[in-house]
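Overview (structure and organization)
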Amino acid sequence: MIAMAEAARQLPRARGSAIPVLVLCLVLLVAWYIACIPMNAVVAETKIAAAGGGLWNTLYESWNHQRPVIPAPHQVIAELWSTVFAIAPWKAKSLLYHCWVTLSSTLLGFALGVLLGMVLAILIVHSKLLNAALMPWIIASQTIPILAIAPMIIVVLGAMGITGLLPKALISMYLCFFPVTIGMVKGLNSPDVIHRDLMRTYNASAFETLWKLRLPASVPFLFTSLKIAIAIALTGAIVGELPTGAIAGIGARLLVGSYNGLTLMIWGALVAASCMAAALVWLVGFAERRTLQRMGVKPT
């Protein structure tokens, strides 16, 4: 009964939070359809004239052109249906197959980036020398455009005989380690001075202080950073596929669509990547809620 009452109290709050999102989605959908009219009417001018002109013919041809400048939402949905549900997922023409190729490098790069970020954060927190030496370089590393450094990584690793999944994962790692490092440094330093002094009065070692005080206090900061890092890791994996001329992955779909003027393929791949990023961020958020519950933090 208590659980049912709590669920009943949460229901109005959930509805209230969903309404603004639905309204925003509706506004974006209407704006999308409106934007298709002037953009696609130019390329569909001949068909509109052949159909006799008029508002209805202009709308129909603008929203149903085979090679639109901006595809209409229903065209993108049809593209996703034909490439996700109408084709076996293990075939090369399936969008799910390409999503899995990109996802594999994303997850590997994310894992490497999280590991690197946490190690760097621990070193920075425990050594003023490393803080002064590493932090400027960590910040400076993010000023280099990824489109410039990705081909360099691919070429160097290719010369060493390293191809396939690892180069793309390293590009993802390069992008996603930064928010993890910064978030963990903030989290590891978040315990009050009085709590750190208390650990010293207990004669706790640096490792014991890290394990029993700093790491538990850094968990909320870590998960906030992970939500950012997982989305950036996906971007890094897609960017890593572009300079390699990959034949599989979201980046490969974008290249094929760009070379052949297949805007529906491009938009379908972009929407699939967005949905994949949203799902990954949700999974990190789910893990955060379960972890904080196990730690005794009350949900807000």
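Before any of the text, the structure's been laid out above.
Keep in mind that what you see is a predicted model, and the values were worked out from it rather than measured.

**Considerations on the overall build of the protein**
When helices and strands are tallied, the protein shows 12 helices and zero strands. The linear arrangement of helices and strands in the protein, starting from the amino end, is α-α-α-α-α-α-α-α-α-α-α-α. A globule of 300 residues ought to have a C-alpha radius of gyration of about 19 Å, yet the protein, at 25 Å, is considerably larger. When its C-alpha atoms are laid out on the principal axes, the protein stretches across 90 × 65 × 35 Å. Evaluated residue by residue, the protein yields a buried proportion of 37% over its 300 residues. Here the analysis covers contacts within the protein between residues at least 6 apart in sequence; of these, 72% occur between residues at least 24 apart. Accessible surface computed for the protein: about 17700 Å², of which carbon and sulfur atoms make up 73%. Mean positive and mean negative side-chain charge positions of the protein (20 and 9 charges, respectively) differ by 6 Å.

**Examining the side chain of Ser-94**
Topologically, Ser-94 is positioned in the loop between helix H4 (73-85) and helix H5 (95-126). Within the local environment of Ser-94, its side chain forms a polar contact with the backbone nitrogen of Leu-96, the two atoms lying 3.2 Å apart. Non-local contacts of Ser-94, meaning those with residues more than four positions away in its chain, are made with Thr-83, Ile-87, Ala-88 and Pro-89.

**A look at the packing of aromatic side chains**
Under the criterion given, the structure shown has four aromatic pairs. Between Tyr-33 and Trp-63, the ring centres sit 5.1 Å apart and the planes meet at 75°, which makes this aromatic pair edge-to-face. Here Trp-63 lies in helix H3 (residues 55-64) and Tyr-33 lies in helix H1 (residues 2-43), a separation of 30 residues in the sequence. Taking the relative accessible area as the measure of exposure, Trp-63 reaches 23% and is therefore partly exposed. Centroid distance Trp-282 to Phe-286: 5.5 Å. Interplanar angle 15°. Geometry classified as stacked. In this pair, Trp-282 and Phe-286 both sit in helix H12 (residues 263-294), four residues apart, roughly one turn of the helix. Looking at Phe-286, the relative accessible area reads 35%, which means it is partly exposed.

**As for a nonpolar patch on the surface**
Nonpolar side chains collect at one region of the surface, where Leu-26, Leu-29, Val-30 and Ile-34 lie side by side and expose about 360 Å² of accessible area between them. Among the secondary structure elements, Ile-34 is positioned in helix H1. For Ile-34, a relative accessible area of 52% gives the class exposed.

**Some details on the nonpolar core**
Nonpolar side chains in soluble globular proteins tend to be buried together. Formed by 41 residues in total, the largest nonpolar core has its most connected members in Leu-226 and Ile-250. Secondary-structure elements contributing two or more residues to this core are H4, H5, helix H6 (128-141), helix H8 (165-188), helix H10 (206-241), helix H11 (250-260) and H12. Broken down by element, this core gets its largest block of residues, 11 residues, from H10. Beyond its immediate sequence surroundings of up to four residues, Ile-250 is in contact with Leu-95, His-98, Cys-99, Thr-102, Ile-238, Glu-241, Ala-269, Ala-273 and Met-276.

Rules of the game
- Residues numbered from 1 in each chain as written.
- Predicted model: local features only at pLDDT ≥ 70, side-chain atom pairs only at ≥ 80, totals over all residues.
- Heavy atoms only, no water.
- Helix = DSSP H or I, 4+ residues; strand = E, 2+ residues; numbered from the N terminus.
- Rg over C-alpha atoms; globule rule 2.2 N^0.38 Å.
- Buried < 20%, exposed > 50% of the residue type's maximum accessible area, 1.4 Å probe, protein only.
- Contact = heavy atoms within 4.5 Å.
- Areas by Shrake-Rupley, 256 points an atom, 1.4 Å probe, with all protein chains shown as cover.
- Lys, Arg positive; Asp, Glu negative; His and termini not counted.
- Charge placed at Lys NZ, Arg CZ, Asp CG, Glu CD.
- Polar contact = N/O pair within 3.5 Å; in protein donor to acceptor, adjacent residues only side chain to side chain.
- Phe/Tyr/Trp six-rings, centres within 6.5 Å; stacked < 30°, edge-to-face > 60°.
- Patch = residues over 30% accessible without salt bridge, like charges linked within 9 Å, V, L, I, M, F, W, Y side chains within 5 Å.
- Salt bridge = Lys/Arg side-chain N within 4 Å of Asp/Glu carboxyl O.
- Core = buried A, V, L, I, M, F, W, Y, C linked by side-chain atoms within 4.5 Å.

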